[in-house]
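For reference, the chains in residue letters:
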Amino acid sequence: MFAPNFLSAQTFNEFFRQKSTQRKYLLEQIVALRTYASVAKRSYDIARDGLNIVRGFTSGELGLHDLFFSGLQTINPIVRNNPKIAEILAMQRTTAKLINNLRYPGQLRREQRDYLMNIKRNLIKECERNMDELLLITSADMTSMDDASRLEKLNTIHREATDKMLFARWLAEELETWRIVSQSEDKSLQKLRRLYD
């Protein structure tokens, strides 16, 4: 009934080394948790700042829309509710999207690229001018126009916005066609070089 001789217990010295190892392990865990907390706080700050920026953009844009539509309330409903206002805004959005998505062929010479950039800048300036004029005729405090003059100017802005949108669409289609043809010509040249090399 006696226990075998091969059992041994920790010595006093081993016991204290174990506490040192455990302390070292716990310190490493504390450092890792502090590092994690620091990274989590920075991530939270970045997310919070990003959300604040987005909130600022959306509330700023919403503020502009509110300003625009509150100004319309003091104008004759014939002008204020004219469907051409919404059409102009939609055409301006379409024109801006077309301008921003223009893709230039890679084979353009510098003067061709500069010419297209100049067209793009002028188109943007004209769109901004139209939006300023639209704001002017739809805001009671900005100008003292009678309703007939406002409607006449609205028709002019609508016609100009239509022209700009159609031009931007035509330019985008022409550049895309040019880009595709250029790519096709490049591929044909490469095939010919492979055949005759």
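Caption draft 1: Quick peek at the packing of helix α3 (residues 83-100) against helix α5 (residues 147-196). α5 packs onto α3 with a crossing angle of 25 degrees between their chain directions and a minimal axis gap of 9 Å. Overall, the two elements α3 and α5 adopt an arrangement that is roughly parallel. Here α3 runs over α5; the crossing is left-handed. Along the contact surface, α3 presents K84, I85, E87, I88, M91, T94, T95, L98 and I99, while α5 presents L154, N155, I157, H158, A161, T162, K164, M165, A168, R169 and A172.

Caption draft 2: Inspection of α3 at higher detail. Taking 1.5 Å of rise per residue, the 18 residues of α3 would be expected to cover 26 Å, and the 26 Å separating its terminal C-alpha atoms lies within 8% of that figure. Listed in full, the buried residues belonging to α3 are I85, I88, M91, Q92, T95 and I99. Angular distribution of buried residues about the axis of α3 spans 125 degrees; they occupy a single face of the element. Across α3 from its buried face, at more than 90 degrees, point the exposed residues P83, R93, K97 and N100. The backbone nitrogen of K84 has a side-chain oxygen 2.9 Å away, supplied by the residue at the start of α3, namely N82.

Caption draft 3: The arrangement of the confidence of the model for the protein in detail. Across the protein, the average pLDDT comes to 75, with 65% of residues at 70 or higher. When mean pLDDT is taken per element in the protein, α3 scores highest with 88 and helix α1 (residues 12-72) scores lowest with 63.

Caption draft 4: A look at helix α4 (residues 110-138). Taking 1.5 Å per residue as the helical rise, α4 with its 29 residues ought to reach 42 Å, and the 42 Å between its terminal C-alpha atoms agrees with that figure. For α4, every residue scored as buried is listed here: L116, I119, K120, L123, C127, N130, E133, L134, I137 and T138.

The rules behind these values
Residues numbered from 1 in each chain as written. Predicted model: local features only at pLDDT ≥ 70, side-chain atom pairs only at ≥ 80, totals over all residues. Heavy atoms only, no water. Axes fitted to C-alpha atoms, helices over the stretch in contact; angles between N-to-C directions. Helix = DSSP H or I, 4+ residues; strand = E, 2+ residues; numbered from the N terminus. Parallel < 35°, antiparallel > 145°, perpendicular 65-115°, else oblique. Left-handed = near helix turned anticlockwise from the far one by under 90°. Contact = heavy atoms within 4.5 Å. Expected span 1.5 Å × (residues − 1). Buried < 20%, exposed > 50% of the residue type's maximum accessible area, 1.4 Å probe, protein only. Arc of directions from axis to C-beta. Polar contact = N/O pair within 3.5 Å; in protein donor to acceptor, adjacent residues only side chain to side chain. pLDDT = per-residue confidence, 0-100.

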